[in-house]
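Observations on the three-dimensional arrangement
One letter stands for each residue in the lines below.
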Amino acid sequence: MNVADERWALDHRPSLFEHASRLRTPTRDVPLPDDGCLCLDEETEPDEWGPGDTSSSLSRLIATLEAFRTDPDRSFAALHDDIRDLRAPLWVLDHLKPDNLSPLPHDLARETGIWLARHGTHHLSVGVGLHLLAGRATPQDTELIRTLGLLPCLGPTAVNALETIPRVAADLIWLADRATPLTRTRAIAAMCHIGDPTATGWLLRHAADGRDPMGSDTVQIAEAVSLADVLEGAAAIDNEIILTAARLLQGLCSSDGYPAQPEKYRDACRAIAAFAVHAARARPELDLLAALVTLAEELRSGPAALLPWPAWEPAVTLTRLDHLIASPRWAPILAEAGRSIDEMTRWRAGWVARAVARPFPDPASPDEAGRDRLAIRVTVPDPVRSGPVETRLLVNNRPVIAEAFRKGTPYQPEDLLGALEATDRPHEVRLAEAYCTEGCCGALYVTIVRDGDTVVWHNWRDPDGTITLPPFRFQAAQYAATLARAVRNHGWEWPARSLARELNQRLRDEPGLLSAWHCDLVRVSAWNGEQDSVRVSFWYPRRPSFQVGEDPWLQFEWVIPLDGTDLDSQVAHLADRLHRTDPKTYARVVGGSREYADRLGFPWKH
């Protein structure tokens, strides 16, 4: 570092490293105040980036590093400012590859990385420094790197650098215990990769502490800790490990908007069966009960029912799960949770109570005439997770949507049940759509028709793939009765969901409540992870055509909190408010464009 670089460091405001050092806490599980706030200077980024900004910024960044390499009078401070002045989006670092940095000699790259990381005041410049340290850092650099990892804008990049340093398990644990959720997730992934016994021991007890891992994260952790072997290999296991197993297995079998794929963990059957044994000896906790309820549901109606179970194992495991769930030892846990000051804890207690109160249909096999049997199960995930409500169709006790289509989850009941009605005119029904969209990855369709006293499902198709399900034939009266029961059964609903259903029906029955204000209903919804409110979305001044040159339009959203009154009273109150007052005066703009908002005289969303 030359004299000019030293003077630069002294003359400028505190570095991000100094900022993080002052904010960090000495103990685990105490995140930075306000999650570390923004990285200094991050607030100067534009509100929106164009589609070409990433590739253009990457090219300019690589050119800046090359100019630094070839400059005989190179200066770390000048490089810092040149990177800052690119005004590039921070995520350009996700596209910066080791090959982009290879022209820099090892020692120069390391020295540059150390200077930028220790003295940098701009998040992009410091991020480049961390990239330069990946594969070049030594154990003496861990304090610098992990401290920067406390800042949300630099956490994942810091983890990438730490992971390349030998014997770094303790530093990854230190960061995971204090970091924001994304950085923690990346630190856990790094611990899974390094295979250090210290990291494995921590993962077994803390990888799922209050963070509810999902999907591929759970598979990665379960494999790293050899979860099935741990559960099968000991007569007794401490409570921390049982709780970790509960959270991992619940995450493995739960949808978070993407379909659950428990089959990705090759030892899922062993782990679930062994967990059901150990759970009986665990201390009663809400997380444990939530996992038991989820696993019992999934083994009956979800993808977990399709795992390659030994013939006898599912019934034995389900019997254990049902026995545990029915135990009176949960009563004080649920009562306490229902009184909690934490709303999510209260919502989870209500979810468990509703799930336990809903009996599962008896297993249905083909009838004496060989016709298939249909059961319909509406499932609601644990509110702490982000998955959707699903309408699961079981034919002869098999979840046929999960069996045929793993790119998306079944539709919600209001979007599917009415379409399942059978008449003598064949009609095609879309049962599920890929999580990205049908145009991207397909959807699952079936044709439904009534033929005399039989309802037939046939002509299965996916525009993006091949469906191998056979035709199904149901006794028509029994089919109609099953569908009618599903339509009437609202036992799965939480209070806001019931309000959303009733308010939606009122707005459909009385379209003038919105059209009087030149508004057109989009939907009425209630979110499982936000159970104290309902959202009404509507267009103004008309439903858009999405054609070039169309007149301006906006989408509004009205958020309605539950008011504690009974369902009919609140629906009547809301209808009366719509009758008297323009909803655009109390809803907020959530869609359209800034130009359209200006032309229609409304403030654009923030």
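The structure this text deals with has already been given above.
First, a word on scope: everything that follows refers to the structure included in this document. Computed from a predicted structure; not experimentally measured. (Residues numbered from 1 in each chain as written. Predicted model: local features only at pLDDT ≥ 70, side-chain atom pairs only at ≥ 80, totals over all residues. Heavy atoms only, no water.)

Overview of the nonpolar core
Within soluble globular proteins, side chains that are nonpolar tend to cluster in buried spots. This is how the line gets drawn: Take the buried Ala, Val, Leu, Ile, Met, Phe, Trp, Tyr and Cys residues and link them wherever side-chain atoms come within 4.5 Å; each set so joined is a nonpolar core. Relative accessibility decides the category of a residue: with a 1.4 Å probe and only protein chains considered, values under 20% of the type maximum give buried, values over 50% give exposed, and everything between is partly exposed. In DSSP terms, a helix is any run of H or I states spanning at least four residues, a strand is any run of E spanning at least two, and both are numbered starting from the N terminus. In what follows, residue pairs with any heavy atoms lying within 4.5 Å of each other are defined as contacts.
Counting residues in hydrophobic clusters, the biggest one holds 148 residues, and the most contacted among them are Phe275 and Leu288. Element by element, the count of residues in this core is highest for helix 17 (residues 286-301), at 10 residues. Setting aside chain neighbours within four positions, we find Leu288 in contact with Ile242, Leu243, Ala246, Phe275, Ala279, Ala282, Arg283 and Trp330.

Considerations on the pattern of salt bridges
Quick note on the threshold: What counts as a salt bridge is simple: a side-chain nitrogen of Lys or Arg found within 4 Å of a carboxyl oxygen of Asp or Glu.
Applying the stated rule across the entire model yields 40 salt bridges. Residue Arg588 is joined to Glu557 by a salt bridge in which the shortest nitrogen-to-oxygen separation is 3.5 Å. With a gap of 31 residues between them, Arg588 in strand 11 (residues 588-591) and Glu557 in strand 10 (residues 554-561) connect regions that are remote in the sequence. For Arg588, a relative accessible area of 47% corresponds to the partly exposed category. The exposure class assigned to Glu557 is buried, which follows from its relative accessible area of 13%. A salt bridge links Asp576 to Arg580; the shortest N-O distance between them is 2.8 Å.

Digging into the sheet that holds strand 2 (residues 390-395)
What counts here: Should DSSP find at least two bridges between two strands, the strands are taken to pair. To get an axis, a line is fitted to the C-alpha atoms, and for a helix only the part in contact is used. The angle between two axes follows their N-to-C directions and goes from 0 to 180 degrees.
With respect to topology, 3 strands assemble into an open sheet ordered 1-2-3, the strand pairing being antiparallel. The open sheet has two edge strands, strand 1 (374-379) and strand 3 (398-399), and neither has a second partner. Across the sheet, helix 17 lies against strand 1, strand 2 and strand 3, angled at about 45 degrees from strand 2, the strand it touches most.

What about the packing of aromatic side chains?
Heads up, the rule is: Two aromatic rings, drawn from Phe, Tyr or Trp (for Trp, its six-membered ring), form a pair once their centres lie within 6.5 Å of each other, and the interplanar angle then sorts them: stacked below 30 degrees, edge-to-face above 60, tilted otherwise.
All told, the structure shown has 18 aromatic pairs when counted by the stated rule. With a centroid separation of 5.2 Å and an interplanar angle of 80 degrees, the aromatic rings of Phe556 and Phe602 are classed as edge-to-face. Linking Phe556 in strand 10 with Phe602 in the segment after helix 28 (594-600), this pair joins segments that are 46 residues apart in sequence. Residue Phe556 is classed as buried on the basis of its relative accessible area of 1%.

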